[in-house]
Amino acid sequence: MSTKIEKIMIATDGSENVKNAVSWGIELAEATGAKVKAVYVLPPVSVSIATRGERWADSLRNHLKDEGKSATEYVVETGKKADVEVEPLIIEGNPADGIVKFATENGIDLIVMGTLGRTGISHLLLGSVAENVVRHSKTQVLVVP
């Protein structure tokens with residue numbers, strides 16, 4: 001097992017709670033010279049949502065894509081201030097599964113993410129994204145409050 005950090009993935013949902021994790025990830029990249037990938041996972045629009053109409057589902061999908069662009073752009077801008085290059089990416093899927101899969105497929109050395117995001121009460125029902133990532137990832141995970 002190597003402790004050298006060359007590739008950092010900062011998982012973001014654009015919430016205020018993730019900004020501290022973004023700062024930590026960028027500072028770690030600056031200190032180690034690691035490359036950074038800012039990843040937003042676009043969740044699938046469920047069948048129950050789509051039953052409201054295809055136009056409504058498309059509108060929601062577009063809103064989520066815009067949210068992802070803003071979220072990853074925040075990481076890019078934070079990286080620029082520290083002279084750290086950040087590649088913004090929007091992927092599709094279940095957030096926890098998407099984060100774990102992306103990290104595995106892209107040789108990520110460290111996943112950095114916040115403890116709280118936009119989960120709200122769903123944490124009580126489903127468990128948090130961070131918790132699921134920690135449970136299922138073979139990649140090291142830094143969870144920042």
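Looking at an unreviewed UniProt entry, one finds the chain named Universal stress protein, with Methanohalophilus halophilus as its source organism. Recorded in UniProt under Sequence similarities (unreviewed entry), the annotation for the chain is "Belongs to the universal stress protein A family."

## Some points on helix 4 (residues 95-105)
Within the sequence span of helix 4, burial applies to Ala 96, Gly 98, Ile 99, Val 100, Phe 102 and Ala 103. Contact partners of the buried residues in helix 4: strand 1 (7-11), strand 2 (35-42), strand 3 (86-92), strand 4 (110-114) and helix 6 (129-136). Residue Asn 94 occupies the N-cap position of helix 4, its side-chain oxygen lying 3.1 Å from the main-chain nitrogen of Ala 96.

## Some points on helix 3 (residues 54-81)
Because each turn of an α-helix spans 3.6 residues, side chains separated by three or four positions end up pointing in the same direction. Under the 1.5 Å per step criterion, the end-to-end length of helix 3 is 41 Å for 28 residues, consistent within 8% with the ideal 40 Å. For helix 3, the full list of buried residues reads Ala 57, Leu 64, Gly 68, Ala 71, Thr 72, Val 75, Val 76, Thr 78 and Gly 79. Asp 83 lies just past helix 3 and shows a positive phi near 60°.

## So, the nonpolar core
Judged by nonpolar contacts, the single largest core of 18 residues is most densely connected at Ile 8, Ile 10, Ile 26 and Val 86. Of all the elements in the fold, those that place two or more residues in this core are strand 1, helix 1 (19-32), strand 2, helix 3 and strand 4. Looking at this core element by element, the count peaks at four residues for helix 1. If near-sequence neighbours (up to four positions away) are discounted, Ile 26 is found in contact with Ile 10, Val 75, Thr 78, Gly 79, Ala 82, Val 84 and Val 86. One finds Ala 11, Ala 96, Val 100 and Val 133 within the second-largest nonpolar core, a separate group that totals 15 residues.

## Considerations on the pattern of salt bridges
Counted by the stated rule, this structure contains six salt bridges. Residue Arg 61 is joined to Asp 58 by a salt bridge in which the shortest nitrogen-to-oxygen separation is 2.7 Å. Here Asp 58 and Arg 61 lie together in helix 3, a separation of three residues that amounts to about one turn. A relative accessible area of 33% means that Asp 58 is categorised as partly exposed. The salt bridge involving Glu 105 is made with Lys 101; its shortest N-O contact spans 3.9 Å. Taken together, the residues Glu 105 and Lys 101, both in helix 4 and four residues apart, mark about one turn of the helix. Of the two residues, Glu 105 and Lys 101, neither departs from the other in class, the shared state being exposed.

## Thoughts on the pairing of strand 1
Counting buried residues in strand 1 gives four out of five residues, a clear majority hidden from the surface. Sheet topology note: the strand 1/strand 2 ladder contains five bridges and is parallel. From the neighbouring strand, Met 9 faces strand 2, where its bridge partner is Lys 37. The β-α-β motif built from strand 1, the intervening helix 1 and the parallel element strand 2 has right-handed crossover chirality. Relative to strand 4, strand 1 is paired through three bridges, and the arrangement is parallel. Directly across from Ile 8, in strand 4, lies its bridge partner Leu 110.

About the cut-offs
Residues numbered from 1 in each chain as written. Predicted model: local features only at pLDDT ≥ 70, side-chain atom pairs only at ≥ 80, totals over all residues. Heavy atoms only, no water. UniProt positions renumbered as here; feature names shortened; annotations may be inferred. Buried < 20%, exposed > 50% of the residue type's maximum accessible area, 1.4 Å probe, protein only. Helix = DSSP H or I, 4+ residues; strand = E, 2+ residues; numbered from the N terminus. Contact = heavy atoms within 4.5 Å. Polar contact = N/O pair within 3.5 Å; in protein donor to acceptor, adjacent residues only side chain to side chain. Expected span 1.5 Å × (residues − 1). Core = buried A, V, L, I, M, F, W, Y, C linked by side-chain atoms within 4.5 Å. Salt bridge = Lys/Arg side-chain N within 4 Å of Asp/Glu carboxyl O. Pairing = 2+ DSSP bridges. Right-handed = clockwise from strand over helix to strand, strands pointing away.

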